[in-house]
Amino acid sequence: MYEELKKKRTELGKTLEEIAEQTKIKKSCLIAIEEGKFDEMPTEVYTKAYIKMYAETLGVDSSAILKDYEEYLKSKKQNVVKISRIESKPEKKKSDKKSFSFSWKMPTWGVTAVIILAVIVIVVLFLQLDKKDHTIPPPPPVTQTPLSTESEIAKLEEKAEQKQETVSQQQLLKIEATDKVWMRITIDDKEKKEFLLNPGQTVELQAKKSFKLHIGNAGGVKVLFNNKELDRLGETGQVVYLDLPQDKN
């Protein structure tokens, strides 16, 4: 059924580049979906989301394609079980008929001699330490630093205020994963970062102006912007796009 996607896209006169720009899905993933090469796709939750989004963009029912993908996952799991059973067969180990052992024990008198020698060494060390004069070194001289003038104090206060203003102007973003989730984050419309987080992992970023978020599993994240938690973004497997700070107009 996945051939219908390519056929429908051709009928609509759309290229893969146009679909990739519209859905924010990589071109390589779109090609893999059209050709049914699911082994080249990312994890299960993102593949399902991509198939559904691509089909909805073309106006095609995604249920049949998702069914094909489920059959692919089922057959893949069966092959893994067969391979694991083959590898788990125990190998017969050849046991040596003859084994030789050799042990050596220190005689009792030797152990006693070692203990006596150790005691003598310890006693000699203590006696030498007692003979040494332990003198307390004099304290280091105390140097007095000159007091800052009023102009210097004013300059220091001004620098502290400027530093505090710079920190307050920064945009802070913290994302906590409650489920496995993929995301792409654009910082100040310049730097792009991609993450694949497992439950319990977090990402903390800073920006001068703004963030643009492309989240592949809206129900699997908790987003804090400038230390304020945002409302729930969506359901599990839902793909969302979010601009921060949000436009209030």
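Predicted, not measured: the structure shown is a model, and the values here were computed from it.

Visitor: What's the story with the overall build of the protein in this structure? I'm lost.
Guide: Scanning the protein from N- to C-terminus turns up 7 helices and 8 strands. Here the protein holds 249 residues, and 26% of them are scored as buried. Element-wise, carbon and sulfur atoms account for 55% of the exposed surface of the protein, whose accessible area totals about 19600 Å².

Visitor: Help me understand unusual backbone geometry, please; the structure alone is not making it clear to me.
Guide: A cis geometry characterises the amide bond from Leu244 onward to Pro245, with omega recorded as 0°. Checked against the element boundaries, Pro245 lands in the segment after strand S8 (240–244). Its identity is not glycine, yet Lys24 carries a phi of approximately 65°, on the positive side. The phi torsion at Asp188 lies on the positive side, around 55°, for a residue other than glycine.

Visitor: So what exactly am I meant to see when it comes to the pattern of salt bridges here?
Guide: Opposite charge on two side chains allows them to pair when their charged atoms are near. Applying the stated rule across the entire model yields 14 salt bridges. The closest approach of N and O atoms between Arg9 and Glu34, which form a salt bridge, is 2.7 Å. Taken together, the positions of Arg9 in helix H1 (residues 3–12) and Glu34 in helix H3 (residues 27–35) put the pair 25 residues apart, joining distant regions of the chain. Like Arg9, the residue Glu34 is buried in the burial classification. Ionic pairing is found between Lys26 and Glu194, a salt bridge with its closest N-O pair at 3.7 Å. Of this pair, Lys26 sits in the loop between helix H2 (16–23) and H3 while Glu194 is found in strand S3 (residues 191–197), placing the two residues 168 residues apart along the sequence. Via salt bridges that share partners, Lys174, Glu176, Glu204 and Lys222 belong to a single interconnected network.

Visitor: Explain the sheet that holds strand S2 (residues 181–187) to me, please; I cannot follow it from the model alone.
Guide: Within a sheet, adjacent strands bond to each other through the backbone by hydrogen bonds, running parallel or antiparallel. Taken in spatial order, the 4 strands make up an open sheet running S3-S2-S5-S8, and their pairing is antiparallel. Where the open sheet ends on each side, the last strands, each with one partner, are S3 and S8. Averaged over all pairs of adjacent strands, the angle between strand axes in this sheet comes to 15°, irrespective of strand direction. Alignment of strand S5 (residues 211–215) against S8, held across 5 bridges, turns out to be antiparallel. Residue pairing across strands places Leu213 opposite Leu242, the latter belonging to S8.

Visitor: When you look at the pairing of S2 in this model, what are you seeing that I'm missing?
Guide: For a regular strand, side-chain orientation follows a simple rule: the groups alternate between the two sheet faces. Buried residues dominate S2, accounting for 7 of its 7 residues. Neither face of S2 is exposed, since Val181, Met183, Ile185 and Ile187 on one face and Trp182, Arg184 and Thr186 on the opposite face are all buried. Relative to S3, S2 is paired through 7 bridges, and the arrangement is antiparallel. Across the sheet, residue Trp182 finds its bridge partner in S3, namely Leu196. Count of turn residues in the S2/S3 antiparallel hairpin: 3 residues, of which Asp188 carries a positive phi of about 55°.

Visitor: Hey, could you run me through the sheet that holds strand S4 (residues 202–207) in this one?
Guide: Here we have 4 strands laid out as an open sheet, ordered S4-S1-S6-S7, and antiparallel in their pairing. What marks the edges here is a single partner per strand, and that holds for S4 and strand S7 (228–229). The pairing of strand S1 (residues 171–177) with strand S6 (residues 221–225) spans 5 bridges and is classified as antiparallel. By the bridge assignment for S6, Glu176 is matched with Lys222.

Visitor: Could you clarify how one ought to interpret the packing of H3 against helix H4 (residues 44–58) in this entry?
Guide: When two helices pack together, their arrangement is given by the angle between the helix axes and the distance between those axes. Running from amino to carboxyl end, H3 crosses H4 at an angle of 85°, the nearest separation of the two axes being 11 Å. When the axes of H3 and H4 are compared, the pair comes out roughly perpendicular. Touching Cys29, Leu30, Ile33 and Glu34 of H3 are Tyr50, Ile51 and Tyr54, all from H4. Tallied by class, the residues present in the contact of H3 with H4 amount to 6 nonpolar, no polar and 1 charged.

Visitor: Looking at this structure, how should I read the packing of H2 against H4?
Guide: Interhelical geometry of H2 versus H4 gives an angle of 115° and a closest axis separation of 11 Å. It follows from the interaxial angle that H2 and H4 lie roughly perpendicular. Here H2 runs over H4; the crossing is right-handed. Touching Leu16, Ile19, Gln22 and Thr23 of H2 are Met53, Tyr54, Thr57 and Leu58, all from H4. Residue composition of the contact of H2 with H4, grouped by class: 5 nonpolar, 3 polar and no charged.

Calculation criteria
Here, residues in each chain are numbered from 1, in the same order as that chain's written sequence. Residues qualify for local features only when their pLDDT is at least 70, as the model is predicted, and side-chain atom pairs are given and counted only at 80 or more; totals for whole chains, interfaces and linings, by contrast, use all residues. To get the side-chain values, all heavy atoms of the structure are used, and hydrogens and water are removed first. Strands are runs of DSSP state E lasting at least 2 residues, helices are runs of H or I lasting at least 4, and numbering of each runs from the N terminus. Only protein chains enter the accessibility calculation, which uses a 1.4 Å probe; a residue whose area is less than 20% of its type maximum is buried, one above 50% is exposed, and one in between is partly exposed. Accessible surface is estimated by sampling points in the Shrake-Rupley manner with a 1.4 Å probe; for residues, cover comes only from the protein chains shown. The salt bridge criterion pairs a side-chain nitrogen of Lys or Arg with a carboxyl oxygen of Asp or Glu, the two atoms within 4 Å. Pairing between two strands requires that DSSP report at least two bridges joining them. What counts as an axis is a line fitted to C-alpha atoms, over the stretch in contact for a helix, and the angles between N-to-C directions run from 0 to 180 degrees. Relative orientations are named as follows: roughly parallel for angles under 35 degrees, roughly antiparallel for angles over 145 degrees, roughly perpendicular for angles from 65 to 115 degrees, and oblique for any other angle. We call two residues contacting when some pair of their heavy atoms lies within 4.5 Å. Think of it as three bins: nonpolar holds Ala, Val, Leu, Ile, Met, Phe, Trp, Tyr, Cys and Pro, charged holds Asp, Glu, Lys and Arg, and polar takes everything else, Gly as well. Take the far helix as the reference: if the near one is turned anticlockwise from it by less than a right angle, the crossing is left-handed, and if turned clockwise, right-handed.

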